[in-house]
Amino acid sequence: MSTADPSTSTDRLEIEGLTATYGPVTALEDVSVPAAPGAITAVLGANGAGKTTLLRTVSGLVRPAAGRVSLGGRDLTGAEPERIAAAGIAHVPEGRGVITELSVEENLRLGSLLGARRPTGSGGRRFDTDGVLELFPALAERFRRPADTLSGGERQMLVVARALLTQPSVLLLDEPSLGLAPRVVSQIFAVLRDLTDAGGITVVLVEQNARSALQVADTGVVLSLGRVVAVDEASALAADQALRHAYLGF
Amino acid sequence: MQRFLDLTLSGLSQGAIYAAFALALVLIWRSTRVVNFAQGSMAMFTTYLALLVVDAGASYWVALPVALVAGLLLGALVERVVMRPVENGPEINPVIVTLGVFIALQALASLVFGAQYRSFPAPLGLGGLTVGGVNIALTPYGLFTVGAVLVTMLALVALFRFTDLGLRLRASAFDGEVARLLGVPVGRMLTLGWALAAVVGSLSGLLIAGGSLVWPAYMDGLIVFGFVAAVLGGLESPVGSVVGGLVIGLSLSYVSGYLGSELAAFAALVILVAVLLVRPAGLFGRTTVRRV
């Protein structure tokens, strides 16, 4: 059932009808998310809407009760996280996911170790350490330092850089703007936009900060209590005042 | 002065053994948050295997690697078969399971090898060396003990610091979820971590047995001193565990020498309580709170 065009090497991510439960609680119910190579999809909604569970289900940390996740036609539903990562889905978890006991260099090297075992991702661009340090010059100055000396913004840059070094076809980002200064948020979003514009990498980002997420995204999905309540172009969602007031808080 | 020097030297060689045992505890604690109470029994079991090899007529230098490889396999086996099923349950479960392995291995050893005392060979002399005409409390075997622990520790440091495998092992220990998201097979890393820890534990069991007696419970004393050494070092830090081991070795040696050997175990407990009261994170512990 893949819609991937066999003539291109881009891997299309498909998230269809995901249902996930934590014991008796249904966290996700029949959630499908459009995601296209070269596009940014923003998943929005209040706290507890199921945004984080969605990403955790896609990356294999949560096993779905129903639904399907595939990349480039390859079924990954319920696979182990390490296998899904090796297939090209890079999940940057909530709370940054920096391993603070390691240095900046070691965090990046972990990404490179996986990247070395992978072909170039859908973006068509191969990332090396020098390349990601060019994207985020602040990291170059901190290269040998322990990662726990980094500021919040630098940590976010580090995990995005580390994810890029895995040569991903898909980037999943959980609350990349959380607790960051607006200037840092726009710097990170600009990097994401450049990456998708330059090639076929797919970005799915989960955000509570709906306003800035819709500014950078192509498509928006609004979740409420584990269900999809709206899917549309980002600009259309941003223009829908009733929806904004009801679900997005701006 | 001569006495102080002697106590220091014997304390250091004894401390090296505590250090190895503490290091084994720390390796498992920092990757799985489990204090492996079975470490001593596992080491006892592999020491008996070494004894079998010696009984069969082989030299100590054959028995030693046989026991260490057996430790490697036993560690991997215990993690895979016994610990893995309780890994995701309540935190107390793995700890209780290690206690179960501790008792089961001791009982099994009594059945298979017998409960009587056996003497274990030492590969090198146990008489004090003579330096400048003075006989000191440093034996060739003591030197071997310190050297073996030192070499093992340096090899582990090199593995963790300078190799890709070491980076994967550390990432798995510090943040298993993030490591998995970066494609690290964390399950395999945990098995390897247990295997490496069991090798180091086995080494401590072999070293303390050398030139002495073994019986199924001969490691019980070492478990106490090794545990105190690990706590003193902060439980998190391999370097801390080695320093902790040496400090405990020296302390107990001075206490035994100056105050009486019957006070050694008491002194170890006093140190344990003092550390927990004054510096619960240990000498080398990180006091930062980890997010969960």
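Computed from a predicted model, the values in this text were never measured in an experiment.

Peer 1: Sorry, what's going on with the nonpolar core here?
Peer 2: Nonpolar side chains in soluble globular proteins tend to end up buried together. Membership of the largest hydrophobic core comes to 164 residues, with the highest contact counts inside it found for Ala161 and Leu172 of chain A together with Ala19, Ala20, Leu23 and Ile248 of chain B. Sorting elements by how many residues they give to this core places helix H8 (residues 186-209) of chain B first, with 16 residues. When neighbours within four sequence positions are excluded, Ala20 of chain B is seen to be in contact with Val149, Thr152, Val200, Leu203, Ser204 and Leu207 of chain B.

Peer 1: Looking at this model, I keep getting lost on the UniProt feature "domain: ABC transporter" (unreviewed entry) in chain A. Mind explaining?
Peer 2: On the UniProt side, "domain: ABC transporter" (unreviewed entry) is annotated at positions that read residues 13-250 of chain A here. With 39% helix and 25% strand, residues 13-250 of chain A has its two end C-alpha atoms placed 30 Å apart.

Peer 1: I keep staring at helix H1 (residues 2-32) of chain B and nothing clicks. Help me out?
Peer 2: Given 3.6 residues per helical turn, the α-helix brings residues three or four places apart onto the same face. Between the first and last C-alpha of H1 of chain B there are 45 Å, a value that for 31 residues agrees with the 45 Å anticipated at 1.5 Å per step. Arg33 of chain B occupies a position one or two residues after H1 of chain B and carries a positive phi of about 60 degrees.

Peer 1: So what exactly am I meant to see when it comes to the packing of helix H2 (residues 39-55) of chain B against H8 of chain B here?
Peer 2: Each pair of packed helices gets described by two things: the angle between the helix axes and the distance between those axes. Residue and element names in this part refer to chain B. Orientation of H2 relative to H8, taken along the N-to-C sense of each, is 60 degrees, at an axis distance of 8 Å. Crossing hand, H2 versus H8: right-handed. Every residue of H8 that contacts H2 at Gln39, Met42, Ala43, Met44, Thr46, Thr47 and Ala50 is listed here: Ala198, Gly201, Ser202, Ser204, Gly205, Leu206 and Ala209.

Peer 1: It is not clear to me how the packing of helix H9 (residues 220-232) of chain B against helix H10 (residues 238-259) of chain B should be interpreted in this structure. Could you clarify?
Peer 2: Residues and elements named next belong to chain B. Between H9 and H10, the least distance of the axes is 7 Å, while the angle of their chain directions is 125 degrees. As summarised for this structure, H9 and H10 are arranged oblique, according to the angle between their axes. Crossing of H9 against H10: the hand is right-handed. Packed against H9, whose contacting residues are Phe225, Val228, Ala229, Ala230 and Leu232, the element H10 presents Ser241, Gly244, Gly245, Val247, Ile248 and Leu252 at the interface.

Rules used throughout
- Residues numbered from 1 in each chain as written.
- Chains lettered and ligands numbered in written order.
- Predicted model: local features only at pLDDT ≥ 70, side-chain atom pairs only at ≥ 80, totals over all residues.
- Core = buried A, V, L, I, M, F, W, Y, C linked by C-beta atoms within 7 Å.
- Buried ≥ 20, exposed ≤ 12 C-beta atoms within 10 Å, placed from the backbone.
- Helix = DSSP H or I, 4+ residues; strand = E, 2+ residues; numbered from the N terminus.
- Contact = placed C-beta atoms within 7 Å.
- UniProt positions renumbered as here; feature names shortened; annotations may be inferred.
- Expected span 1.5 Å × (residues − 1).
- Axes fitted to C-alpha atoms, helices over the stretch in contact; angles between N-to-C directions.
- Left-handed = near helix turned anticlockwise from the far one by under 90°.
- Parallel < 35°, antiparallel > 145°, perpendicular 65-115°, else oblique.

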